[in-house]
Amino acid sequence: MIGKMGQARRTGAAPGVSNRPASQEERDALLIQVRSLAEDRGADPRSSRSVAAEVVLCARAWHDDELLAEALRAVAWTHRAHWGDREARRLLDGALRAARRAGARGVEATVLASRASVLLELGRPAAARRDLAAASAAMAADPFVAPDERERFEVRTLLARAVLEQNSGRPVQAASLYRELLGRRGLDAQGAVIVANNLALTLAEQGDYEGALVSATDAVVRAGPLGPSMLAPTTGSRAWIATRAGHLGAALRDFEEAERLYRAADLPLGEHYGELADVMADLRLLPEAVHAAGRAEAEFDGAGAHLMRLEARLRRARYLLLEGDLVGAQDVATATAEEARAQRRPGWRDRALLIAVQARVGLDEVAPSDLVAARRLAGRLDAAGDLHAAVDAHLVAGKVGVRLGQGLAAARAFDRAAGLARSGPALVRTRGHVAGARAALLRGDDERALAECSAGLREVARLRDDRPTIELRALASGHGAELGELGLGVLVGTGRPVQVLRWMERTRAAALIGSVGEPFLPPAERLASPGVEPGDRAGATLRTVLQAEAEPVRRVAADAWRPRGTARRVGGAPPGVARLRAALDGRVLVELGQHGGRLVAVVLDGRGARLVELAGLQAVTDQLHGLLFALRRLADPSSPASAQAARVNADARLVRLRTLLVEPLGVAPDAELVVVPVGLLHSVPWSALHEAPVALAPSAAAWLRTAGGPAPSGRTVLVAGPDLDGAREEVEALRAVHPGAQVLGPQDGTAHAVLAALAGADLAHLACHGVLRADSPMFSSVMLADGPVTVQELHGAGAAPRRLVLASCHSGADVAYAGDEVLGFVSATLSRGTTAVVASLAAVPDVEAVGLMVALHRELAAGATMARALHAARAQLDRAAPGGFVSWCSFAAHGAG
């Protein structure tokens, strides 16, 4: 919200004031002046405070309570403008007493309306509602208020109601009020800026990002003539919305401009860093989000804005919780709650305590006192009208009850959460369906639980479809992770494999649906890299991340990445079993899922479908982590003894993983597999666990789409990246296999040239360094002649050859997101129409991989599918050598082509 720009110390009053005004005209002029100061949001708070404080002295000396009330209200605004809400509350209390002594009901009404806004900032929405009601009653009781003044007052109270609805988690109601306000003649220029800005934020919360951008731009235009103090926050709001809308280049420009405006207005950068933190969290850059929240906290602390420091600290606790630092989240949240208690801000205290309880639930350290605390929190947040937090608190109370074996109390808490959530926005309704499903499971009503899960997943699907980019869609799917797992557990209990398969497909790689043929990014000019202050890790990362959107557009000619056809939605209902079996053509589909800490698989072959219960997830995780550590040691062994020890460890881990994951499936050793992993199992070297060819896929539907890819074009592209041992030799050896191939070397293999060449190629091979960004895989990259090219660039540019070989390290290490999504080089290219990819899930020795690549391409040239070609090529490796063994384990084929 707009209206809080910093904090400064209260100035003293000048001595020597006369005991009476020189004339009535002098007194009336001062009254008009302080009223103007209280309403002028574009004025300098420091100079306004000095003037208003002098009028306070005059009013006290003249015993003029009406003038005193208006002057105190003006001083209160200057404190509120600099985040001094507690001091503003104290001053407004005094103003209210003065107005009542004067019998000035109109002045009383305006003071109450001002205090309602302050109470809302202090986390007391119920008290704010009472003040608004009292303000309306006071204004109605004053017969001397002029019509235009009454209209301005009604506009002010309507705006306060809208802000109250927005802060209470009711964006639809808030948006309706904001739209009504924009048509009121009593709305001044500054109020119009606030209304347009807040309307944009509520529209973004509802997923209407393009509408939000229109409203945010309206706010920026309106704020322009009012100076940087109004323009800075509106520009920052538009930057945040543009990020959500997928317009990352525009977001970068606005963030840079907002920072400049904050500095021009001599305002602390706390609010700016807070917006950066929110953007980082939206992009799944959680370490940077935590860092930016810490910077916001430090900025507010340095400015003495302790109320805003508390809010920034609460934001940091929330992002620590999301990052998985449960101990850190609990510690910061507990300290925040203590500070909020000292500041007498019960709403903020309760939100902090809720995070602390959530952290203890994650740590499995709950006690009976946590159940009592969660119930009380839920009741207080519910009474305060904080819908989102109240629903979460009831959910947490239910989970604590389950952990403590108090099923009846847990069911009641879940019921309350489900009931409250029905009136909320989509995200809140989704949480309500989680609560409803958990309550039904506690009562043994599996049918009702499954219905709740299905309804919640429909809400998630609508949220996901509103997101403009593949990564934002994947993040949206995370809101359905709990629903998917609960529903899977119910269906596994029925023992019906086809229904289990359909459910897993419903929650698997849904973000990739709609990527094929979706509109490409608009052209954008090259953005110069702005300066970065020392230690500004969040700002630097944001610039790096957001510039990734602009760079491919700058570097690639428009005709090289124009869509090949009209954008279309693909996917829809999960594929039927008969269709899958026909496409498999003798292969065996193995799709994995997880629920309640256990793994399960559906196996589909020529005989039908069957459900197989596998090992516990933790047992597989332990073996996988040990194997990946051993492979890292083998890729760069410090000594022969180290290599031998790592090899023994790796062999033992492979045997154990084969026992846990493959042998229970009951598939023939020579059966060709199509494996759809889940979560961490995307990092399993599946080809090393089975004797026959193996192809991986994000989902059965995704694999099915690759089985019907475009016809071969016959054009091959070979790329050798810079500073990579063996890259030139590898490409030269492959040129002998593909005599007519287009070759781009370390000097001429620029992003422009490579992306243009990849578009429409039949087969492409990239021998380049790879950099994995596990926290945000769309910004993983391969190194080309003029610098790194990210997954975001490849996806945004539509660079989708029919078949692709990524010889770089970690190129196949796609990252699993909550909600059964997976993102990275492989999934991004498959979603754009590539039918098959070979990539590595770990670091591989550069030179030793050359032989594998040559053998792979010979098989491809002979007509083999990617999975069969890789299987044959792996068989030719010297597995006794550390490098050969690592390559044998690490490379995998994806897709059907």
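Residues numbered from 1 in each chain as written. Predicted model: local features only at pLDDT ≥ 70, side-chain atom pairs only at ≥ 80, totals over all residues. Heavy atoms only, no water.

## What to know about the overall build of the chain
Argument step 1. Scanning the chain from terminus to terminus reveals 37 helices and 16 strands.
Argument step 2. Buried positions account for 60% of the 897 residues belonging to the chain.
Argument step 3. A separation threshold of at least 6 residues defines the contact pool for the chain, and within that pool the share at least 24 residues apart is 71%.
Argument step 4. Summing over all exposed atoms, the chain offers an accessible surface of approximately 33500 Å²; the carbon and sulfur share of this is 52%. (Helix = DSSP H or I, 4+ residues; strand = E, 2+ residues; numbered from the N terminus. Buried < 20%, exposed > 50% of the residue type's maximum accessible area, 1.4 Å probe, protein only. Contact = heavy atoms within 4.5 Å. Areas by Shrake-Rupley, 256 points an atom, 1.4 Å probe, with all protein chains shown as cover.)

## So, the packing of aromatic side chains
Argument step 1. Scanning all chains against the criterion turns up 1 aromatic pair.
Argument step 2. If you follow R351 out to its NZ or CZ, it ends over the ring of W348, 4.6 Å from the centre.
Argument step 3. A cation over a ring is seen here: R879 above W888, with NZ or CZ 4.3 Å from the ring centre. (Phe/Tyr/Trp six-rings, centres within 6.5 Å; stacked < 30°, edge-to-face > 60°. Lys NZ or Arg CZ within 6 Å of the ring centre and 35° of its normal.)

## Comments concerning the sheet that holds strand β9 (residues 770–771)
The strands that make up a sheet are held in pairs by hydrogen bonds between backbone atoms, and each pair lies either parallel or antiparallel.
Argument step 1. Strand order in the open sheet formed by 3 strands is β9-β10-β11, with antiparallel pairing between adjacent strands. Each having just a single partner strand, β9 and β11 (787–790) make up the two edges of the open sheet.
Argument step 2. Where strand β10 (residues 781–784) meets β11, 4 bridges bridge the pair, whose relative direction is antiparallel. Directly across from V782, in β11, lies its bridge partner V789. (Pairing = 2+ DSSP bridges.)

## A word on unusual backbone geometry
Argument step 1. With a phi close to 55 degrees, D266 is a non-glycine residue in the positive phi region.
Argument step 2. Its location among the elements puts D266 in the loop between α12 (248–264) and α13 (270–282).
Argument step 3. For D266, a relative accessible area of 54% corresponds to the exposed category.
Argument step 4. Even without being glycine, D585 reaches a positive phi, approximately 50 degrees.
Argument step 5. With respect to the helices and strands, the residue D585 is situated in the loop between α27 (577–584) and β1 (588–595).

## Things to note about the pattern of salt bridges
Argument step 1. The full count for this structure, using the stated rule, is 52 salt bridges.
Argument step 2. R260 serves as the salt-bridge partner of E257, at 2.6 Å between the closest nitrogen and oxygen. Pair noted here: E257 and R260 are both in helix α12, with a separation of 3 residues, about one helical turn.
Argument step 3. Residues joined in a network through salt bridges with shared partners are R27, D28, R35, D64, E66, E70 and R73. (Salt bridge = Lys/Arg side-chain N within 4 Å of Asp/Glu carboxyl O.)

## Quick look at the nonpolar core
Soluble globular proteins tend to pack their nonpolar side chains together in the buried interior.
Argument step 1. The biggest cluster of nonpolar side chains holds 84 residues, and the ones touching the most others in it are L159, Y178, L181 and I241.
Argument step 2. Apart from the residues lying within four places of it in its own chain, the contact partners of I241 are A200, L201, A204, Y209, A212, L213 and A216.
Argument step 3. Membership of the second largest hydrophobic core comes to 77 residues, among which are A671, V731, A849 and M866. (Core = buried A, V, L, I, M, F, W, Y, C linked by side-chain atoms within 4.5 Å.)

## Looking at a negative patch on the surface
Argument step 1. Residues D208, E210, D465 and D466 make up a contiguous surface patch of negative charge.
Argument step 2. Along the chain, E210 turns up in helix α10 (residues 209–223). (Patch = residues over 30% accessible without salt bridge, like charges linked within 9 Å, V, L, I, M, F, W, Y side chains within 5 Å. Lys, Arg positive; Asp, Glu negative; His and termini not counted. Charge placed at Lys NZ, Arg CZ, Asp CG, Glu CD.)

## Digging into the packing of helix α11 (residues 228–244) against α13
Argument step 1. Where α11 meets α13, the axes come as close as 10 Å, and the angle between the chain directions of the two elements is 5 degrees. The orientation of α11 with respect to α13, classified from their angle, is roughly parallel. On α13, the residues touching P233, G236, S237, W240, T243 and R244 of α11 are E271, E275, D278, V279 and D282.
Argument step 2. Split into classes, the residues belonging to the contact of α11 with α13 amount to 3 nonpolar, 3 polar and 5 charged. (Axes fitted to C-alpha atoms, helices over the stretch in contact; angles between N-to-C directions. Parallel < 35°, antiparallel > 145°, perpendicular 65-115°, else oblique. Nonpolar A, V, L, I, M, F, W, Y, C, P; charged D, E, K, R; others polar.)

## With respect to the packing of helix α20 (residues 407–421) against helix α21 (residues 426–442)
Argument step 1. Packing of α20 against α21 brings their axes to within 8 Å, and their N-to-C directions diverge by 150 degrees. The angle between the axes of α20 and α21 places the two elements in the roughly antiparallel class. Viewed along their axes, α20 and α21 form a crossing whose handedness is left-handed. Residues G407, A410, A411, F414, D415, A417, A418 and A421 of α20 form the contact with α21, whose own contacting residues are V428, R429, G432, A435, G436, R438, A439 and L442.
Argument step 2. Class assignment for the residues of the contact of α20 with α21 results in 10 nonpolar, 3 polar and 3 charged. (Left-handed = near helix turned anticlockwise from the far one by under 90°.)

## A short note on the sheet that holds strand β6 (residues 716–720)
Argument step 1. As summarised here, the arrangement of the 11 strands in space is β3-β2-β1-β4-β5-β16-β15-β12-β8-β6-β7, forming an open sheet in which the pairing is mixed. Single-partner strands in this sheet number two, and they are β3 (608–616) and β7 (742–744). On average, each strand axis in the sheet is tilted by 20 degrees relative to the strand beside it, whichever way the strands run.
Argument step 2. As judged from the 2 bridges shared by strand β5 (residues 694–696) and strand β16 (residues 891–895), these two strands associate in the parallel manner. Along β16, the bridge assignment pairs L696 with H894.
Argument step 3. Each of β1, β2 (598–605) and β3 touches helix α25 (residues 497–506); the most contacted strand, β1, lies at about 75 degrees to it.

## Structural notes on α27
Argument step 1. Within the span of α27, buried status applies to V577, L580 and L584. Looking straight down α27, one finds its buried side chains confined to an arc of 65 degrees; they lie on one side. In α27, the exposed positions angled more than 90 degrees off the buried face are occupied by A578, R579 and A582.
Argument step 2. Directly after α27, the chain includes D585, whose backbone phi takes a positive value near 50 degrees. (Arc of directions from axis to C-beta.)

## Observations regarding the environment of G726
Argument step 1. For G726, the position within the fold is in the loop between β6 and α31 (727–737).
Argument step 2. Exposure remark for G726: the relative accessible area of 16% places this residue in the buried category.

## Things to note about the environment of R27
Argument step 1. Relative to the assigned elements, R27 resides in helix α1 (residues 24–39).
Argument step 2. For R27, a relative accessible area of 11% translates into the label buried.
Argument step 3. Spatially, the C-alpha atom of R27 lies 9.2 Å from that of D64, the residues being 37 residues apart in sequence.
Argument step 4. One polar contact links R27 to D64, side chain to side chain, over a distance of 2.6 Å. (Polar contact = N/O pair within 3.5 Å; in protein donor to acceptor, adjacent residues only side chain to side chain.)

## Notes on the pairing of strand β4 (residues 673–676)
The two faces of the sheet receive side chains in turn, since in a regular strand these alternate between them.
Argument step 1. Side chains of β4 alternate between two faces, with L673 and V675 and V674 and V676 buried alike.
Argument step 2. Relative to β4, β1 is paired through 4 bridges, and the arrangement is parallel. Of the residues in β4, the one forming a bridge with L589 is V674.

## Here we look at the confidence of the model for the chain
Argument step 1. Looking at the chain as a whole, its pLDDT mean stands at 84, while 88% of the residues score no less than 70.
Argument step 2. Every residue in residues 1–16 is under pLDDT 50, and counting partners more than four places away or in other chains gives 59 contacts.
Argument step 3. Below a pLDDT of 50 lies the segment residues 515–571, which in the model reaches 127 contacts outside its immediate sequence neighbourhood of four places, other chains included. (pLDDT = per-residue confidence, 0-100.)

## So, the environment of P125
Argument step 1. Structurally, P125 is set in helix α6 (residues 125–140).
Argument step 2. Along the primary structure P125 and A383 are separated by 258 residues, whereas in three dimensions their C-alpha atoms are 9.3 Å apart.
Argument step 3. Setting aside its immediate chain neighbours within four residues, P125 contacts L120, L164 and A384.

## Side note on α12
Argument step 1. For α12, spanning 17 residues, the distance from its first C-alpha to its last is 24 Å, which sits close to the expected 24 Å at 1.5 Å a residue.
Argument step 2. Two residues or fewer after α12 comes D266, characterised by a positive phi angle close to 55 degrees. (Expected span 1.5 Å × (residues − 1).)

## Remarks on the side chain of N197
Argument step 1. As for its placement among the helices and strands, N197 is situated in helix α9 (residues 189–205).
Argument step 2. With a relative accessible area of 2%, N197 lands in the buried category.
Argument step 3. Reaching out from N197, the side chain makes a polar contact with the side chain of S237 at a distance of 3.0 Å.

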